[in-house]
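# Observations on the three-dimensional arrangement
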Amino acid sequence: MPRNRIAVRPARAGRRSGAAAMLALLVLLCACADRGSSPGTPSNDGERPVVTLMAPLHFPNTPSDSIVRSIENLTGTKLAIEWVRDEIYTDKMNTALTTSSLKKATFVKYTDYILMKNAIRSDQFWEIGPYLDDYPNLKNLNPNILLQTAVDGKIYGLYTERPSSRQGIMIREDWLNRLHLQKPGNLDELYRVMRAFTYDDPDGNGKNDTIGLTDRDDLVFGAFKTLSSYFGTPNDWGVEGDRLVPEFETKGYLDTMNFMRKLYKEKIINSDFAITSKDVQRDQLIRGMAGVYIGAMSDVQRLSDEAKKVNPAARFTLVNRLAGPDGYKVWSIPNFNGLYLFSKNAIKTEEELKQVLAFFDRTMDPDVANLMKYGEEGRHYRLEGDEVYLPEESTQLRVDEVASLYALMIADLHNPNIRKVARQEPLWESADRLIEDNESFIVPDPTVGLESRTFDEKSAELGRIITDATYNYMLGKLDESGFRKEVEHWKTSGGDQVIREYEQAYFHREN
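A brief structural summary.

## A word on the overall build of the protein chain
- Check the secondary structure of the protein chain and you find 17 helices and 17 strands.
- Compactness check: the protein chain gives a C-alpha radius of gyration of 25 Å against a globular reference of 24 Å for 511 residues, within 12% of the reference.
- Within the span of the protein chain, comprising 511 residues, buried residues form 51% of the whole.
- Restricting the contact set of the protein chain to residue pairs at least 6 apart, pairs at least 24 apart contribute 78%.
- Accessible surface, the protein chain: about 23,400 Å² in total, of which carbon and sulfur atoms supply 48%.

Next comes the structure, spelled out in C-alpha cells:
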C-alpha cells in the first residue's frame, strides 16, 4: 500500500530592498525577544527544525494540508509525517526498526511495545524522562501512566491516552426492528440475533445474502477478545491463588473459541475472518452484508454515516452490557494505548531531541490541541460559549480533514487545554456514555507494568503459537486435545519461564 507523506516546503523568499530586509530583521529580533524560552524552540522561520514522524492512519484520508500548515506555523516546525495504514502499521514499524529507518518520533502501539524493549535496552532510543520537567506541559504528564510505560524504571516515550475500554457491539437497529427482535442482553440472545441476521432475510430483499457477524484477523481488537471477556476470560493473565494463569488456559477462552467455531460452522460469521482486513470488515458492515460489528464503539458514528450513503434507511444501535457467566465484564487496555519513541539513529544530538520534545509540548497548548482535535472554527465546528458544537453537516469534513490527527495527540484525555463538547450527534453521545459506563466493570491485565525479560525477547514467537492454535481451533482444524498440545508447545518454548518471571514480579510487588 503506498505511503502517504505530508511535507510542507518553505515558501520561496522574494527580493527585498535593504531597508525592508533591515525592518524584517528588527521585527524578527523583537519577536524572538518576546517569545517564551521553551527548550528547542526555533529562533526564526529559516531555522525551523524538521520533525519527522511515523503515525498510524485510522481514517481514509490524511489531514488537510491547510491544517498541517497551521500546526507547523503555530509550533515553529516543518513536519514530515509518514502516515501508515493501521492494518499494516506493525509490519511497517518493524521493518523500519530492522532497517534503521525510524523517524525522529515513531508511534508504537502498546500491543507492540514489548517488541521494542530489546531495542530500547540496546540504546537505540533516547531516554526522555530527565527532560520532561523542562517543558510546561510535558512536566504535568501523569506519573502513574509514565510508570506503566517505563523500561527498567526509565521513561522513553510520550504516551497517547485512551479510555480503559471502548469495546462494545454495533448492531443494525433497522434489522432488529424488521425482525421484531430486541437488543441482546446476554450471549445467548446475541447468538440468536446474529443467526436471525444470517437466515431470516433482515434486509427484506428476498435473498440469502447477509451474515450475522463480520470479523477480521485480529484476536485483540477484532471480535474475539471482547467476546472472550463476556465469557469471563481474564485479560491476558488471571490470578488464581499464588499462580498467574495465561488467559488461553482458562475455561472462558475455550468457551469463546467454541462460540466462534459454532458461528463459523453455521456460516453466521464471514468464512474468511481469519484473513480479513479491517477495511474489508468495515466494508461488509457499511454495505449491509453483515449486521453486527464488535469493536470500538467510538467508530459507530463514522460507520453509520458511511452505511447511510449506501442505504439511507440504515440505522445503528450500541450494546456494551452483555451478561456472561460472571456478569458484566469487558477487557481493558492500560491507560496508554501507545507511545512515541525517539530514535537515536534519526535524532543525533540532544538539541535535536529538545526540538522534537518542544513540538509535542506545544501541541498540548490550547490553540494547537483544539485545532488537532476539532479542526478549524467555522469550518469544522462552532463555539457555544467556551464549549465546542460539532454540527452534523460538518461530520464528513471532520473525518476527511481532521480525524487522523488524533493519532498525534498525546495525553489528550486529561489535557485541561482541550475544550469540552457542548452537543454532538446522538450516536457519538451514546458511544461516549457507554464507554464511560464500561469503567464500572472493566477487567485489567494484572501484569501491566511488570517485567518479563523472556516475554520481551520471545513474545512474537510465543504469540504466534497461540494465535495460530486459536484460529485453527475456531476453523475446525484442531480439536481440544490438539489445542492443548500447542499450549504445551508454548510452555516449552519459553512460556513456563514467562509465567515464573511474571509470578515473581507480581507477588513480590503485592508483598
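That shown, we press on.
## With respect to the pattern of salt bridges
- Scanning the model with the defined rule gives 31 salt bridges in all.
- A salt bridge links Asp 456 to Arg 121; the nearest nitrogen and oxygen atoms lie 3.0 Å apart. With a gap of 335 residues between them, Asp 456 in helix α16 (residues 453-474) and Arg 121 in helix α4 (residues 113-121) connect regions that are remote in the sequence.
- Note on Asp 456: relative accessible area 4%, which makes it buried.
- Taking relative accessible area as the criterion, Arg 121 reaches 23% and is therefore assigned partly exposed.
- Among the ionic contacts, a cluster of salt bridges with common partners joins Arg 121, Asp 152, Glu 451, Arg 453 and Asp 456.

## As for helix α12 (residues 350-363)
- Given a rise of 1.5 Å per residue, 14 residues ought to cover 20 Å, and the 20 Å separating the end C-alpha atoms of α12 matches this to within 8%.
- By the criterion of burial, α12 is predominantly enclosed, with 10 of the 14 residues buried.
- Turning to α12, its buried residues number three or more, namely Glu 352, Leu 353, Gln 355, Val 356, Leu 357, Ala 358, Phe 359, Phe 360, Asp 361 and Thr 363.

## Let's talk about the nonpolar core
- Core analysis: the largest hydrophobic core is formed by 72 residues, its most contacted members being Leu 53, Leu 158, Tyr 340, Phe 342 and Phe 360.
- Per-element tally for this core: the top contributor is α12, with 6 residues.
- Apart from residues lying up to four places away in sequence, Leu 53 is in contact with Leu 79, Ala 80, Ile 81, Glu 82, Lys 103, Ala 105, Tyr 340, Phe 359, Phe 360 and Leu 408.
- Val 193, Leu 213, Trp 237 and Tyr 253 belong to the second largest nonpolar core, which has 52 residues in total.

## Quick look at unusual backbone geometry
- Backbone geometry at His 180 places phi at a positive 60°, although glycine is not the residue there.
- Position of His 180 relative to the elements: it lies in the loop between α6 (173-178) and α7 (187-199).
- The backbone phi angle of Lys 267 is positive, close to 60°, even though this residue is not glycine.
- With respect to the helices and strands, the residue Lys 267 is situated in the loop between α9 (251-265) and α10 (278-286).

## With respect to the environment of Tyr 506
- Along the polypeptide, Tyr 506 turns up in helix α17 (residues 480-510).
- Here Tyr 506 falls in the buried class, since its relative accessible area comes to 12%.
- Sequence separation between Tyr 506 and Thr 447 is 59 residues, and the spatial gap between their C-alpha atoms is 7.0 Å.
- In this structure Tyr 506 touches Val 239, Leu 244, Pro 446 and Leu 450, once residues within four positions along its chain are discounted.

## Considering the side chain of Asn 270
- By the element assignment, Asn 270 lies in the loop between α9 and α10.
- A distance of 3.3 Å separates the side chain of Asn 270 from the side chain of Thr 276, its partner in a polar contact.
- Not counting residues up to four positions away in its chain, the partners in contact with Asn 270 are Ile 211, Leu 213, Thr 214, Asp 215, Thr 276 and Gln 284.

## Looking at the pairing of strand β3 (residues 78-85)
- For β3, a buried count of 6 out of 8 residues is recorded, marking the element as mostly surrounded by other parts of the structure.
- Taken together, the 8 bridges between strand β2 (residues 50-57) and β3 define a ladder with parallel strand orientation. Bridge pairing in β3 links Pro 56 to Val 84.
- Each parallel crossover has a hand, and for β2 linked through helix α2 (residues 65-75) to β3 it is right-handed.

## Considering α2
- Taken as a whole, α2 has its buried residues at Ile 67, Val 68, Ile 71, Glu 72 and Thr 75. Down the axis of α2, the sector holding all buried residues measures 145°, keeping them to one side.
- Of the residues trailing α2, Gly 76 is marked for its positive phi of about 65°.

## Observations concerning the sheet that holds strand β14 (residues 382-384)
- An order of β14-β15-β16 is seen for the 3 strands of this open sheet, with the pairing classed as mixed. Each having just a single partner strand, β14 and β16 (421-423) make up the two edges of the open sheet. In this sheet, neighbouring strand axes are inclined to one another by 45° on average, regardless of whether the strands run parallel or antiparallel.
- Where β14 and strand β15 (residues 387-389) come together, 3 bridges link them in antiparallel fashion. Considered in β15, the bridge of Arg 382 is made with Tyr 389.

## Re the side chain of Thr 233
- Its location among the elements puts Thr 233 in the loop between α8 (223-230) and β8 (237-240).
- A distance of 2.7 Å separates a polar atom in the side chain of Thr 233 from a polar atom in the side chain of Ser 228.
- Among the polar contacts listed, one links the side chain of Thr 233 to the backbone nitrogen of Tyr 253, at a separation of 3.0 Å.
- Among all residues touching Thr 233, those that are not within four sequence positions of it are Ser 228, Glu 247, Thr 250, Gly 252, Tyr 253 and Thr 256.

## With respect to the sheet that holds strand β6 (residues 167-172)
- In spatial order, the strands read β7-β10-β6-β11; together these 4 strands make up an open sheet with mixed pairing. Among the strands making up the open sheet, the edge pair consists of β7 (211-214) and β11 (316-319). On average, each strand axis in the sheet is tilted by 25° relative to the strand beside it, whichever way the strands run.
- Relative to β11, β6 is paired through 4 bridges, and the arrangement is antiparallel. Within the sheet, the bridge partner assigned to Ile 171 lies in β11 and is Thr 317.
- Against the sheet, helix α11 (residues 300-310) contacts β6, β10 (290-296) and β11, and its axis sits at roughly 155° relative to β11.

Definitions and limits used
- Residues numbered from 1 in each chain as written.
- Predicted model: local features only at pLDDT ≥ 70, side-chain atom pairs only at ≥ 80, totals over all residues.
- Heavy atoms only, no water.
- Helix = DSSP H or I, 4+ residues; strand = E, 2+ residues; numbered from the N terminus.
- Rg over C-alpha atoms; globule rule 2.2 N^0.38 Å.
- Buried < 20%, exposed > 50% of the residue type's maximum accessible area, 1.4 Å probe, protein only.
- Contact = heavy atoms within 4.5 Å.
- Areas by Shrake-Rupley, 256 points an atom, 1.4 Å probe, with all protein chains shown as cover.
- Salt bridge = Lys/Arg side-chain N within 4 Å of Asp/Glu carboxyl O.
- Expected span 1.5 Å × (residues − 1).
- Core = buried A, V, L, I, M, F, W, Y, C linked by side-chain atoms within 4.5 Å.
- Polar contact = N/O pair within 3.5 Å; in protein donor to acceptor, adjacent residues only side chain to side chain.
- Pairing = 2+ DSSP bridges.
- Right-handed = clockwise from strand over helix to strand, strands pointing away.
- Arc of directions from axis to C-beta.
- Axes fitted to C-alpha atoms, helices over the stretch in contact; angles between N-to-C directions.

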